Amino acid sequence: MHPAAAKWYDRRDFVFIEFLVEDSKDVKVNFDKSKFGFSCLSGADNVKYSNEIDLFGSIDQDGSKHKRTDRSILCCLQKAETGKSWPRLTKDKAKLNWLSVDFNNWKDWEDDSDEEMSNYDRFSEMMGNMGGEDDLPDLDGADDESADSDDEKMPDLE
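Residues numbered from 1 in each chain as written. Predicted model: local features only at pLDDT ≥ 70, side-chain atom pairs only at ≥ 80, totals over all residues. Heavy atoms only, no water.

- The name recorded for the protein in an unreviewed UniProt entry is Prostaglandin E synthase 3, from Danio rerio.
- Per UniProt, the protein has the following entry under Pathway (unreviewed entry): "Lipid metabolism; prostaglandin biosynthesis."
- The UniProt entry for the protein carries the following comment under Sequence similarities (unreviewed entry): "Belongs to the p23/wos2 family." (UniProt positions renumbered as here; feature names shortened; annotations may be inferred.)

Here it is as structure tokens:
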């Protein structure tokens, strides 16, 4: 029996865990208030995988669910306390070699004042914070009112 490789990420109301097991069968997922269990068989050799996690926080067993695909099993754990960030998945700070953070889906939602803000709005805000014309350095005393030698009138074309 081996632990299955897994990736996890945190959201405002849910914690997601994806077990990376291809061609899984006999999938069993156990949602307890403070514990989470997973087991399955995989491949033609029926390799048995089993994981058990003492969770960082409590979950709502009835609101939690899982979905099996050919490549993985995605588990959605509904937090008992919504809006509370989980800095880690496990109760203990121990490093589990089969568990990693899913940085492709990770989002620091607790720092967002408006979670629905679009990427364009965030980009515009970032560009606005970089400064405008008032922040430009003085360019050798040049100003808009001074005459420039190349500002002379051009002759008409014939």
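Okay, back to it.
**Some details on the packing of aromatic side chains**
Then, number 1: In this structure the tally under the stated criterion is 7 aromatic pairs.
Then, number 2: Between Phe31 and Phe36, the ring centres sit 5.6 Å apart and the planes meet at 45 degrees, which makes this aromatic pair tilted. No difference in accessibility class separates Phe31 from Phe36, as the two residues are buried.
Then, number 3: Connected via pairs of aromatic rings, a cluster forms that spans Phe19, Phe31, Phe36 and Phe38. (Phe/Tyr/Trp six-rings, centres within 6.5 Å; stacked < 30°, edge-to-face > 60°. Buried < 20%, exposed > 50% of the residue type's maximum accessible area, 1.4 Å probe, protein only.)

**Looking at the environment of Lys95**
Then, number 1: Along the polypeptide, Lys95 turns up in the loop between β7 (73-79) and β8 (99-101).
Then, number 2: On the basis of relative accessibility, which here comes to 70%, the residue Lys95 falls in the exposed class.
Then, number 3: There is a polar contact of 3.3 Å between the side chain of Lys95 and the backbone oxygen of Leu99. (Helix = DSSP H or I, 4+ residues; strand = E, 2+ residues; numbered from the N terminus. Polar contact = N/O pair within 3.5 Å; in protein donor to acceptor, adjacent residues only side chain to side chain.)

**Focus on the side chain of Asp10**
Then, number 1: You can see Asp10 is positioned in strand β1 (residues 6-10).
Then, number 2: The class of Asp10 is buried, set by a relative accessible area of 1%.
Then, number 3: Polar contacts involving the side chain of Asp10 include one to the side chain of Lys79, which spans 2.6 Å.
Then, number 4: Side-chain polar atoms of Asp10 contact the backbone nitrogen of Trp86, separated by 3.1 Å.

**Thoughts on the nonpolar core**
Then, number 1: With 22 residues, the main nonpolar core has Ile17, Phe19, Phe36, Leu77 and Leu89 as its most contacted residues.
Then, number 2: Secondary structure elements with two or more residues in this core: β1, β2 (14-19), β3 (24-31), β4 (35-42) and β7.
Then, number 3: Ignoring anything within four residues of it in the chain, the contact list for Leu89 reads Trp8, Val15, Ile17, Ile53, Asp54, Leu55, Phe56 and Leu99. (Core = buried A, V, L, I, M, F, W, Y, C linked by side-chain atoms within 4.5 Å. Contact = heavy atoms within 4.5 Å.)

**Some words on the environment of Lys28**
Then, number 1: Counting through the fold element by element, Lys28 comes out in strand β3.
Then, number 2: For Lys28, a relative accessible area of 54% gives the class exposed.
Then, number 3: Contact partners of Lys28, with chain neighbours within four places excluded, come to Gly37, Phe38 and Ser39.

**Re the sheet that holds β1**
Then, number 1: Read from one edge of the open sheet, 5 strands run β6-β7-β2-β1-β8, paired in mixed fashion. Edge positions in the sheet fall to β6 (59-68) and β8, since each of these pairs with one other strand and no more. Averaged over all adjacent pairs, the angle separating strand axes in this sheet is 20 degrees, with direction ignored. (Pairing = 2+ DSSP bridges. Axes fitted to C-alpha atoms, helices over the stretch in contact; angles between N-to-C directions.)

**Some points on the sheet that holds β4**
Then, number 1: The strand order across the open sheet formed by 3 strands is β3-β4-β5, and the pairing between neighbours is antiparallel. Looking at strand neighbours, the two that pair on one side only are β3 and β5 (47-54), the edges of this open sheet. Averaged over all pairs of adjacent strands, the angle between strand axes in this sheet comes to 5 degrees, irrespective of strand direction.
Then, number 2: With 8 bridges connecting them, β4 and β5 associate as antiparallel partners. When the sheet's bridge partners are listed, Cys40 is paired in β5 with Tyr49.

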